[in-house]
Amino acid sequence: MNSAVGWLVASYLIGAFPTSYVVARAFRGIDLREHGSRNLGATNVYRVLGWRYAVPVGLVDAAKGAAPVWLFGPLAPGIPHFGLLCGIAAVVGHVFSVFVGFKGGKGVATASGVVLALAPWALLSVLVLWAVIVRLSGYVSLGSVVAAAVFPLASFLLHGTRGVPLALEIALALFIIWKHRANLQRLAAGTENRFGQRAAARGSS
């Protein structure tokens, strides 16, 4: 049991690595928490720094979710669904990173990595849905919320997920939706930023 706790802590720490913060600091000398939406996620990296930085950040953030599932999940065979628990720990680490004052992103990319490791066909289906919604509406946040809400159903239909794993996936989806509550308020008020709007990073070239 102690080793299992250690793997969960390790999963949290992997997820907590503040990719966007490190990239913005190292390559542009700025604190991303002071620019754009002030969120430490790939979407804000795109708004402030552009695609060249956002794509690698998003891929690393996704890997932070997949790696604990693949690496640590098999190490505690006596604990049911331990890989999913490790993935959830990584998402929590990403959202509440100990390295940057328990701030972070909204968990979408890291959760996508978890889903890739556990339910790839469900991930593919919600990625298509996400892309369609973002293309038609222009709102990344709306696409992310809808994709999170639909994912448990897709996992049930495409992978036969049920019982405790399905409950954990529903909890993860609700957590991501909760993290987007401010975005939902701005969507309702008509003040949410559309995808493609760039924010100038103060002090950057």
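Just so it is clear, the structure is predicted and the values come from calculations on it, not from any experiment.

Rules behind the numbers
- Along each chain, numbering runs from 1 in the same order as the chain's sequence is written.
- A pLDDT threshold of at least 70 governs which residues receive local features in this predicted model, and a stricter bar of 80 or more applies before side-chain atom pairs are shown or counted, although totals over entire chains, interfaces and linings include all residues.
- Hydrogen atoms and water are omitted, and side-chain values are computed over all heavy atoms in the structure.
- Secondary structure elements are taken from DSSP: a helix is a run of H or I of four residues or more, a strand is a run of E of two residues or more, and numbering for both begins at the N terminus.
- Radius of gyration: C-alpha atoms only; globule rule: 2.2 Å multiplied by the number of residues to the exponent 0.38.
- By convention, a stacked pair of Phe, Tyr or Trp rings (six-membered ring in the case of Trp) has centres within 6.5 Å and planes under 30 degrees apart, an edge-to-face pair has planes over 60 apart, and any other such pair is tilted.
- In this scheme, a residue with accessible area under 20% of its type's maximum is buried, one over 50% is exposed, and one in between is partly exposed, where area comes from a 1.4 Å probe on protein chains only.
- A ring has a charge above it when a Lys NZ or an Arg CZ is no more than 6 Å from the ring centre and no more than 35 degrees off the ring normal.
- Residues with no salt bridge and a relative accessible area higher than 30% make up the patches, which join like charges within 9 Å and nonpolar side chains (Val, Leu, Ile, Met, Phe, Trp, Tyr) within 5 Å.
- Where accessible areas are quoted, they stem from the Shrake-Rupley method and a 1.4 Å probe; at the residue level, only the protein chains shown are allowed to cover.
- Salt bridge, as applied in this entry: a Lys or Arg side-chain nitrogen positioned within 4 Å of an Asp or Glu carboxyl oxygen.

Engineer: How do you make sense of the overall build of the protein when you look at a structure like this?
Structural biologist: Per the secondary structure count, the protein includes 10 helices and zero strands. Listed N to C, the secondary structure of the protein is α-α-α-α-α-α-α-α-α-α in terms of helices and strands. Taken over the C-alpha trace, the protein has a radius of gyration of 17 Å; the compact-globule value for 205 residues is 17 Å, and the two agree within 12%. Seen along its three principal axes, the alpha-carbon backbone of the protein occupies a region of about 50 × 35 × 25 Å.

Engineer: Which parts of the structure should I look at to understand the packing of aromatic side chains?
Structural biologist: Here a ring pair, both rings aromatic, is described through the centre-centre distance and the interplanar angle of the planes. Scanning the entire structure with this criterion turns up five aromatic pairs. With 5.0 Å between their ring centres and 20 degrees between their planes, Trp-7 and Phe-72 make a pair best called stacked. Of this pair, Trp-7 sits in helix H1 (residues 2–16) while Phe-72 is found in helix H4 (residues 51–72), placing the two residues 65 residues apart along the sequence. The partly exposed category is assigned to Trp-7, whose relative accessible area is 30%. One aromatic cluster is present, formed by Phe-96, Phe-175 and Trp-178 through successive ring pairs. Over the aromatic face of Trp-178 sits the side chain of Arg-181, whose NZ or CZ is 4.0 Å from the ring centroid.

Engineer: Would you mind showing me how to read unusual backbone geometry here?
Structural biologist: Across residues other than glycine, the phi torsion is negative in most instances, and most of the peptide bonds are trans. At Arg-38, a residue that is not glycine, the phi angle is positive and equals roughly 65 degrees. Relative to the assigned elements, Arg-38 resides in the loop between helix H2 (19–28) and helix H3 (42–49). Positive phi, normally seen in glycine, also occurs at Phe-102, with a value near 60 degrees.

Engineer: What should I look at first to understand a nonpolar patch on the surface in this one?
Structural biologist: Residues Trp-121, Leu-124, Val-128, Val-132, Leu-136, Leu-153, Phe-156, Leu-157 and Leu-158 make up a contiguous nonpolar surface patch of about 950 Å² in total accessible area. Of all the elements in the fold, those that place two or more residues in the nonpolar patch are helix H7 (120–137) and helix H8 (140–159). Examining the composition of the nonpolar patch, we find that five residues originate from one element, H7, more than from any other. Take Phe-156: it is sitting in helix H8.

Geometry only, nothing functional implied.
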